[in-house]
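A look at the structure
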Amino acid sequence: MARAPAGNVHPGKRTGVRIVIAGDRGTGKSSLIVTAAVDNFPVNVPPVLPPTRLPEDIYPDRVPTTIIDTSSRTEDSAKVAEELKRADVVVLTYACDQPQTLDRLSTFWLPKLRQLEVRVPVIMVGCKLDLRDENQQVSLEQVMSPIMQQFREIETCIECSAFKHIQISEVFYYAQKAVLHPTGPLFDQETQTLKPRCIRALKRIFILCDHNKDGALSDAELNDFQVKCFNAPLQPSEIVGVKRVVQEKLPEGVNDHGLTLTGFLFLHALFIEKGRLETTWTVLRKFGYNNDIKLSDELIPALGKRAPDQSVELTNEAIEFLRGIFELYDSDGNGALRPRDLEELFSTAPESPWNEAPYRDSAERNAMGGLSIDDFLSLWSLMTLLDPVYTIENLIYIGYTGDPASSVRITRKRRLDRKKQQLDRNVLQCFVFGPKKAGKSALLDAFLARPFSETYTPTTEERFAVNVVDQPGGTKKTLVLREIPEDGVKKLLSVKESLAACDIALFVHDSSDEASWKKSTDLLVEVASHVENTGYEVPCLIVAAKDDLDSFPSAIQDSTRVSQDMGIEAPIPINTKLGDFNNVFRRIASAAEHPHLSIPETEAGRSRKQYHKLINRSLMFISVGAAVTVVGLAAYRVYITRKNSSS
């Protein structure tokens, strides 16, 4: 791989670079800017210069660069802060003949940038190099190393002299380069190794370029890669030279088929070590990566507009692709993906999407932590339900070659489902409500085949559990249980559309505790009132947990009254401790599949319906009366006309 020709580097579609210069008074900020702009040392300069534009052709990338000077006066600190927040890169100056100004960078300016949350590269520049005492010559690396260890945002340190024209253009070259070709995302300076996300991106690029999938880039594949990235072919002698360099340093980097992934990564590490970051960035950007080493937003198709009561699911095309991926990475062929299989599967994504909540503990796993095909697809379904764009992005990372937009579909509106009395979804979302210690978490654990635990751990954040439920007739539905902490109900219901995405709501109570029952029914009424007011009606079921304990005295009477009054089924008794679930998960899915049934009705809602019926009847009576009057008047007019004619 040859170095990118000058001017061919793709700068991530950046239209300009904004460099902001800051530092103490008298450190040479303005002189540095003027000398760079007009190539002459200024005799008199104003305290603060206006924005200065450097010629586009001054550096190879030909990107417009604007330099912003800042005031050193305390009264201008607010304005300086605003300029720093708008910077693409910050140049901090100190005077080589004034050691205290260097100390100020680490005690004031760098902490100030962190305080302002300015997260851009920083270039440390020592001005007035010609004025340094010759008897106090010190190594720049020796002085800067401790500061760079403490402040990782520092990209480069350089010393210059505007008066003697020493390294002036280099200052702004490094500043521009820090924006267009930053080191931070690619390379760990401390360990001198490529960063994990960079390795993952380069691995994906390697796989895409390995057309015959033999694990190595042949001479022809290397040449195709070179042409795609740099618009110039490699000469045969250059290919031989590249492979020789790799083989001398890393024998396993080349095999009989060509350059291996190990060798490909080694070459990029070598480019970066030699300061040729533009080569690696050119490759990354040619394959659509941004400065965060993630695919650019424009490569991820936007989903069409959808109503609050519509959800997103995987298409059959995407599911078949994922089945193939599962088989490919099931290394021992036992029908389960182990953690290391999953890590390998997602090794071409920026990170594994399931290592963090809400996905980490939301699916059933075997004793070795492996996922079956149903559990694997369930996690993809959950991710598609919660963050469909993230699903599309990860499908692309792991090799989905179809149209990304064809990987997901938007479901029909739930209101239309109720009208048609049938479901249009394969993924059902169930919101699980209930007071503390009712057994909600135990129910979710049971859904994932986890053993019952006597230890109570309060749920403080929403939690998900997803699994496949076998339905009568051999059909399967993916059921998502979403546990809502009791303390989070008020916040949830403060949003009008909060239950629009809910296919069914479950209300769990401790069947031995009357207070638990009352809190659960209060939640049921609260949710029922919310859906009546918003129009997003939701089927509801009641679950009486801890059936192994004696019920409170009026349990049967109270549950019968509530069920009959609200028009829903009687509570479903379950016992998670003894493993008696009374087919509750199948019953949840079945109730969700009949969206027009099991919808609770409050007294206020019933009164409102009766009122609307009365109004509608009255309007109908008035309409019929008006019609009769009109018909009667017409008949009378006909009668009068005929009478007059006969006369």
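Definitions and cut-offs
In this convention, every chain numbers its residues from 1, walking through the sequence in written order. Residue-level local features of this predicted model are given only where pLDDT is at least 70; pairs of side-chain atoms are given and counted only at 80 or more, and the full residue set underlies all totals for whole chains, interfaces and linings. Note: side-chain values were computed over all heavy atoms of the structure, leaving out hydrogens and water. The definitions used throughout rest on a 1 Å grid laid over the protein atoms alone, on which a cavity is an enclosed set of points accommodating a 1.4 Å probe that cannot get out and a pocket is an open set flanked by protein within 12 Å on both sides along at least five of seven lines; lining residues are those having an atom within 4 Å of a point. Grid points are joined across faces, edges and corners, and a volume is the space filled by probe spheres set on the points. Helix numbering and strand numbering both begin at the N terminus, where a helix is a DSSP run of H or I of at least 4 residues and a strand a DSSP run of E of at least 2. Polar here means any residue other than Ala, Val, Leu, Ile, Met, Phe, Trp, Tyr, Cys and Pro, which are nonpolar, and Asp, Glu, Lys and Arg, which are charged; Gly is therefore polar. Residue ranges assigned to the domains are those given by an automatic or database domain assignment. Here, any two strands with at least 2 DSSP bridges between them count as paired. Fitted lines through C-alpha atoms give the axes, limited to the stretch in contact for helices. The angle between two N-to-C directions lies from 0 to 180 degrees. Per-residue confidence from the prediction method is given by pLDDT, with values spanning 0 to 100. In what follows, residue pairs with any heavy atoms lying within 4.5 Å of each other are defined as contacts. Salt bridge, as applied in this entry: a Lys or Arg side-chain nitrogen positioned within 4 Å of an Asp or Glu carboxyl oxygen. Buried, partly exposed and exposed residues are distinguished by accessible area as a fraction of the type maximum, computed with a 1.4 Å probe on protein chains only: under 20%, between the cut-offs, and over 50%, respectively. Working definition of a nonpolar core: buried Ala, Val, Leu, Ile, Met, Phe, Trp, Tyr and Cys residues. They are joined through side-chain atoms within 4.5 Å. What counts as a ring pair is set by centres within 6.5 Å for rings of Phe, Tyr and Trp (its six-membered ring), and what kind of pair is set by the plane angle: stacked under 30 degrees, edge-to-face over 60, tilted for all other angles. For a lysine, the NZ atom is tested; for an arginine, the CZ atom; a charge sits over a ring if that atom is within 6 Å of the ring centre and within 35 degrees of the ring normal. UniProt positions are given in the numbering used here, feature names are shortened, and annotations may be inferred rather than shown by experiment. Expected helix span is computed as 1.5 Å times (number of residues minus one). The arc in question is formed by the directions pointing from the helix axis toward the C-beta atoms. Any pair of N or O atoms that falls within 3.5 Å is considered a polar contact. Within protein, one atom must be able to donate a hydrogen and the other to accept it, and sequence-neighbouring residues count only if both atoms are side-chain atoms. Here the angle decides the label: under 35 degrees means roughly parallel, over 145 means roughly antiparallel, 65 to 115 means roughly perpendicular, and every other value means oblique.

It is worth spelling out the layout of surface pockets at this point. A volume near 1,400 Å³ is recorded for the largest pocket. Along the wall of the largest pocket there are 47 residues; nearest its centre are I154, E155, T183, G184 and Q189. Where the lining of the largest pocket is concerned, the elements lending two or more residues are helix 3 (99–115), helix 4 (140–150), strand 6 (154–159), helix 5 (168–180), strand 7 (187–188) and helix 9 (261–273). Among the elements that line the lining of the largest pocket, the one with the most residues is helix 4, at six residues. Looking at side-chain class alone, the lining of the largest pocket contains 21 nonpolar, eleven polar and 15 charged residues. The residue makeup of the lining of the largest pocket includes at least three contributed by each of domain 1 (17–180) and domain 2 (193–298).

Quick look at the sheet that holds strand 3 (residues 65–68) now. On the basis of which strands lie adjacent, the open sheet formed by six strands has the order 2-3-1-4-5-6 and mixed pairing. Two strands lie at the open edges of the sheet, namely strand 2 (52–54) and strand 6, each paired on one side alone. On average, adjacent strands in this sheet sit at an angle of 25° to one another, irrespective of strand direction. Taken together, the six bridges between strand 4 (residues 89–95) and strand 5 (residues 122–127) define a ladder with parallel strand orientation.

Spatially, 9-11-10 is the arrangement adopted by the three strands of the open sheet, whose pairing is antiparallel. Each end of this open sheet is capped by a strand with a single partner; those strands are strand 9 (216–217) and strand 10 (254–255).

The predicted model of the protein averages 90 in pLDDT, with 91% of residues at 70 or higher. When the criterion is pLDDT under 50, residues 2–12 qualifies, and its contacts beyond four places in sequence or with other chains add up to 26 contacts.

Taken as a whole, this structure holds 37 salt bridges when the rule is applied. Across the salt bridge formed by E56 and R53, the nearest N and O atoms sit 3.8 Å from each other. When the shortest N-O distance is used, the salt bridge between D341 and R338 registers 3.3 Å. R338 matches D341 in its accessibility class, with the two residues each being buried. Through salt bridges that share partners, R412, R414, D417, R425 and D503 make up one connected network.

Moving on: the nonpolar core. In this structure, I205, W354, F376 and W380 are the most contacted members of the largest nonpolar core, which totals 69 residues. Ranked by the residues each element gives to this core, the list is headed by helix 13 (residues 373–386), at seven residues. Setting aside residues no more than four positions away along its own chain, F376 makes contact with L322, I325, F326, L337, L342, L345, W354 and L371. Residues L423, L444, L506 and L541 belong to the second largest nonpolar core, which totals 28 residues.

On to the packing of aromatic side chains, then. Under the counting rule described, the total for this entry stands at 17 aromatic pairs. Between F108 and W109 the ring centres are 5.0 Å apart and the planes differ by 85°, which places this aromatic pair in the edge-to-face class. In textbook terms, an aromatic cluster arises when at least three aromatic residues are bridged by ring pairs, as seen for F326, F346, W354, F376 and W380. Directly above the ring of Y456 sits K437, whose terminal nitrogen or CZ lies 5.3 Å from the centroid.

With numbering matched to this structure, UniProt assigns "domain: EF-hand" (unreviewed entry) to residues 317–352. Summarising residues 317–352: 56% helix, 0% strand, and an end-to-end C-alpha distance of 22 Å.

Here we come to empty space enclosed by the protein. Tallied over the full model, the rule gives two cavities of 30 Å³ or more. Taken as a whole, the largest cavity spans an internal volume of roughly 50 Å³. Taken together, R414, R418, L423, R425, C502, D503, E537, P539, A592 and P595 make up the lining of the largest cavity. Empty space within the second largest cavity amounts to approximately 40 Å³. Lining the second largest cavity we find K294, P350, E351, Y390, E393, N394 and Y397. For the lining of the second largest cavity, the per-class residue count stands at three nonpolar, one polar and three charged.

What follows is about helix 19 (residues 555–566). Over its twelve residues, helix 19 extends 16 Å from the first C-alpha to the last, a length consistent with the 16 Å expected when each residue adds 1.5 Å. Burial in helix 19 covers these residues: A555, D558, S559, V562, S563 and M566. The buried residues of helix 19 all sit within an arc of 125° when viewed along its axis, so they share a single face. Away from its buried face, by an angle of more than 90 degrees, helix 19 presents the exposed residues I556, Q557 and Q564.

Turning to the domain arrangement of the protein, a few remarks are in order. Each domain of the protein was delimited in the assignment, giving domain 1 (17–180), domain 2 (193–298), domain 3 (312–411), domain 4 (416–601) and domain 5 (615–646). On a C-alpha basis, the centres of domain 1 and domain 4 stand 61 Å from each other.

Our next topic: the side chain of S511. With respect to the helices, strands and loops of the structure, S511 is situated in the loop between strand 17 (504–510) and helix 18 (514–534). A relative accessible area of 5% means that S511 is categorised as buried. For S511, the side chain forms a polar contact with the main-chain oxygen of A545, separated by 2.7 Å. Ignoring anything within four residues of it in the chain, the contact list for S511 reads A544, A545, K546, D547, D550, S551 and F552.

With that settled, the discussion passes to the pairing of strand 16 (residues 476–483). The buried fraction of strand 16 is high, at seven of eight residues. The pairing of strand 15 (residues 463–470) with strand 16 spans eight bridges and is classified as antiparallel. Its bridge partner lying in strand 16, R463 is registered against E483. Hairpin remark: strand 15 followed by strand 16, antiparallel, with five residues in the connecting loop; positive phi at G473, about 90°.

To continue, consider the packing of helix 1 (residues 29–38) against helix 5. Packing of helix 1 against helix 5 brings their axes to within 9 Å, and their N-to-C directions diverge by 95°. By the angle class used here, helix 1 and helix 5 are roughly perpendicular. Together, L32, T35 and A36 of helix 1 and I168, V171 and F172 of helix 5 make up the contact between the two elements. When the residues that make up the contact of helix 1 with helix 5 are grouped by side-chain class, the tally is five nonpolar, one polar and no charged.

Turning our attention to unusual backbone geometry. Cis geometry marks the peptide bond from A357 to P358, where omega comes out at 5°. Mapping P358 onto the fold places it in the loop between helix 12 (339–345) and helix 13. For H165, which is not glycine, the phi torsion reads 55° and is therefore positive. Looking at where H165 falls in the secondary structure, it is placed in the loop between strand 6 and helix 5. Residue N582 is not a glycine yet carries a positive backbone phi of 55°. Here N582 shows up in the loop between strand 19 (572–573) and helix 20 (584–592). Here N582 falls in the partly exposed class, since its relative accessible area comes to 30%.

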